[in-house]
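Fold and geometry: a report
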Amino acid sequence: MEAPGGSDPDAIVIGSGPNGLVAACVLARAGLSTLVLEANPDRAGGAVGSVQSTRPGFVHDVGAAFFPWGTLSPAFRDLDLGRHGLRWCSAELESCHPAPDGSYACISRDHDVSARNFGSDADGETWRQVAQWYARIEPHLLPMLMEPFPAIKPVLRLLPVHLLKIASVFLSRGGGLARRWFHSEAARRVLPGLALHVDVGPDDWFGAALGFMLGMTATTGGYVVPEGGAQSISDALVRLLEHHGGRVMLGARVDDVIVRDGRACAVRLQDGQEIAAGKAVLANTDVGALLLRMVDREYIPGRLVEFTERYPRGWGTFKMDWALDEPVPWAVEPARRSAVVHAGDSLDDLSRFTRQVRGGDLPDNPYLVIGQQSLADPTRAPEGQHTLWAYSRVPPQLGDGGWEAHAQRFADVVEQRIEGLAPGFGKTILDRAVVAPPDLQAMDANLVGGDLGGGSNAWHRQLLFRPMFPYFRYRMPVERLYLCSSYAHPGAGVHGMCGYNAARTVLRDV
């Protein structure tokens, strides 16, 4: 059966998250007729979108809400989304890391500002030196980390001294690196805290890389937010896709990838409709859903089925949104000027948090990532009022009644945690929305158990092990079937590189 609106496409992309849309844009720009199938009946974008979940006029991001890769991603730079309406906004400071004792460290794109606000004068100078070194190597380091593995050319552009220094960082535990570089607790908690954006704790082997990259990209690209909400990113990608003749079909849930003669040749929708793909099918999906449900198992090697059935998942995510009648009254003044505030009191506190979550317990002093989007983008709230967004990492499932029984009580714990850093916070709240792990998965099937990272982001789930060896270069066991989601290299983050790399692989193949 033909796709609605015309002949069957050359390429079908399953899922319209940023990786799927980036892949579709690259294919359409190259001249392939491209159709994106999205299960959500209302909007494209997956976890990169916006809703008014508290009160009218307050725009809240449903998933990702600040974007360290927004201005740095090679995919976004190549696609030039600014020509299609995307505008980035910045706060005065990128990130603040306060503690109840009044200590703090801040990250700014101005190295002098960071140096004056990084725990101590000595630690501030260390940060300045690291950030200046990183700025020199970033043009070669980002392609090395984000292009299809192994990226040989970018490696060759880095001098041996830089490669050795990078290796000394990436082979470290986050806590160990922090103790080597810094002396104050305020400075030491910054990079390991950033690594907890996913499931990497301060004591994990080779766990320093992610926190280091998130910290350093804050000094170059910054923690920018899109004007009007995260949906603006998805909308700009859709406009670019349509500019090149591609289409998005909403309310189109794919149940099956049809294989004939060993090749992916079509998809079957939930309503029974079949749509043929002339050249390729790209899946911006959970790898488990693709290989265990969408593709008949007779086409998947047995060992791959076994591994996928026990696929290593990341932690769950507990997210909250607030409508506020005034800005958060942080006790530490720089936090009032920061795009993001991270609540983690010390290395010991972060280690304890990690043990609790991995042990299946709700944390009693939760680590929080707190986004203040309306400080940078006033369009997010009515004049004089503000939005607030926050998440913590949690077990994906709970006993004793599950998340339905625990969500509101844990939301109170989160608010008390912020109150401890911002006395009077509770009085600013007009309304709140609570999103537990099951709610995230119901919104986007890729967020299995509330996992935002496309499976575990531990060191042994990266590079040639993402999603699994030997399928780390986007080609799946079935010919002309490709994985383009964050379950593929380079993994978590709104950078579009999983889709970008996959699409370029398709173009080489077809």
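These notes cover the structure that comes with them. Since the model is a prediction, treat every value here as computed from it, not as a measurement.

This next bit is on the side chain of Asp199. In this fold, Asp199 is placed in the loop between helix H9 (190-195) and helix H10 (208-220). Summary of buried charges: Asp199 has no salt-bridge partner, and the nearest side chain of opposite charge, Arg358, is 5.5 Å away. For Asp199, the side chain forms a polar contact with the main-chain nitrogen of Asn457, separated by 2.9 Å. Excluding its chain neighbours within four sequence positions, the residues that come into contact with Asp199 are Asp204, Arg313, Gly314, Trp315, Arg358, Arg393, Ser456, Asn457 and Ala458.

Applying the stated criterion across every chain yields a total of 24 aromatic pairs. Centroid distance Trp127 to Phe182: 6.5 Å. Interplanar angle 35°. Geometry classified as tilted. Linking Trp127 in helix H4 (residues 121-146) with Phe182 in the loop between helix H7 (174-181) and helix H8 (185-188), this pair joins segments that are 55 residues apart in sequence. Considered together, Trp127 and Phe182 belong to a single accessibility category, that of buried residues. An angle of 85° between the planes, with centres 6.0 Å apart, marks the rings of Tyr134 and Phe212 as edge-to-face. Of this pair, Tyr134 sits in helix H4 while Phe212 sits in helix H10, and the two are 78 residues apart along the sequence. Given the relative accessible area of 1%, Phe212 is considered buried. Lying over the aromatic face of Trp133, Lys165 brings its terminal NZ or CZ to 4.4 Å of the ring centre. The ring centre of Trp205 lies 3.9 Å from the NZ or CZ of Arg173, which sits over that ring.

Tallied over the full model, the rule gives 0 disulfides. Left without a disulfide partner, Cys96 is nearest to the cysteine sulfur of Cys106, which lies 3.5 Å away.

For the rest of this paragraph, the subject is unusual backbone geometry. Across the junction of Arg466 and Pro467, the peptide omega takes the value 0°, indicating a cis bond. A positive phi is found at Leu463, a non-glycine position, where the angle reads about 55°. A relative accessible area of 37% means that Leu463 is categorised as partly exposed. You will see that Arg480, though not glycine, has its phi angle at about 65°, which is positive.

For the pair helix H1 (residues 18-29) and helix H11 (residues 231-243), the least separation of the axes is 9 Å and the interaxial angle reads 20°. In terms of orientation, H1 lies roughly parallel with respect to H11. Here the hand of the crossing between H1 and H11 comes out left-handed. Facing Pro18, Leu21, Val22, Ala24, Cys25 and Ala28 of H1, the residues of H11 in contact are Ser234, Leu237, Val238, Leu240 and Leu241. Among the residues forming the contact of H1 with H11, the class breakdown is 10 nonpolar, 1 polar and no charged.

Moving on: the environment of Ala381. By the element assignment, Ala381 lies in the loop between helix H15 (373-376) and strand S17 (386-394). Given the relative accessible area of 9%, Ala381 is considered buried. Once you skip the residues sitting within four places of it in the chain, Ala381 turns out to touch Gly57, Phe58, His386 and Thr387.

A few words now on the layout of surface pockets. If you add up the space inside the second largest pocket, you get close to 560 Å³. Of all elements in the fold, only helix H12 (287-294) and helix H18 (437-443) reach the threshold of two or more residues within the lining of the second largest pocket. Residue contributions to the lining of the second largest pocket peak at 5 residues, all from H12. In terms of residue class, the lining of the second largest pocket is built from 13 nonpolar, 10 polar and 6 charged.

Rules used in this analysis
- Residues numbered from 1 in each chain as written.
- Predicted model: local features only at pLDDT ≥ 70, side-chain atom pairs only at ≥ 80, totals over all residues.
- Heavy atoms only, no water.
- Helix = DSSP H or I, 4+ residues; strand = E, 2+ residues; numbered from the N terminus.
- Buried < 20%, exposed > 50% of the residue type's maximum accessible area, 1.4 Å probe, protein only.
- Lys, Arg positive; Asp, Glu negative; His and termini not counted.
- Salt bridge = Lys/Arg side-chain N within 4 Å of Asp/Glu carboxyl O.
- Polar contact = N/O pair within 3.5 Å; in protein donor to acceptor, adjacent residues only side chain to side chain.
- Contact = heavy atoms within 4.5 Å.
- Phe/Tyr/Trp six-rings, centres within 6.5 Å; stacked < 30°, edge-to-face > 60°.
- Lys NZ or Arg CZ within 6 Å of the ring centre and 35° of its normal.
- Disulfide = S-S within 2.5 Å.
- Axes fitted to C-alpha atoms, helices over the stretch in contact; angles between N-to-C directions.
- Parallel < 35°, antiparallel > 145°, perpendicular 65-115°, else oblique.
- Left-handed = near helix turned anticlockwise from the far one by under 90°.
- Nonpolar A, V, L, I, M, F, W, Y, C, P; charged D, E, K, R; others polar.
- 1 Å grid on protein atoms, 1.4 Å probe; cavity = no way out; pocket = protein on both sides within 12 Å on 5 of 7 lines; lining within 4 Å.
- Points joined across faces, edges and corners; volume = space filled by probe spheres on them.

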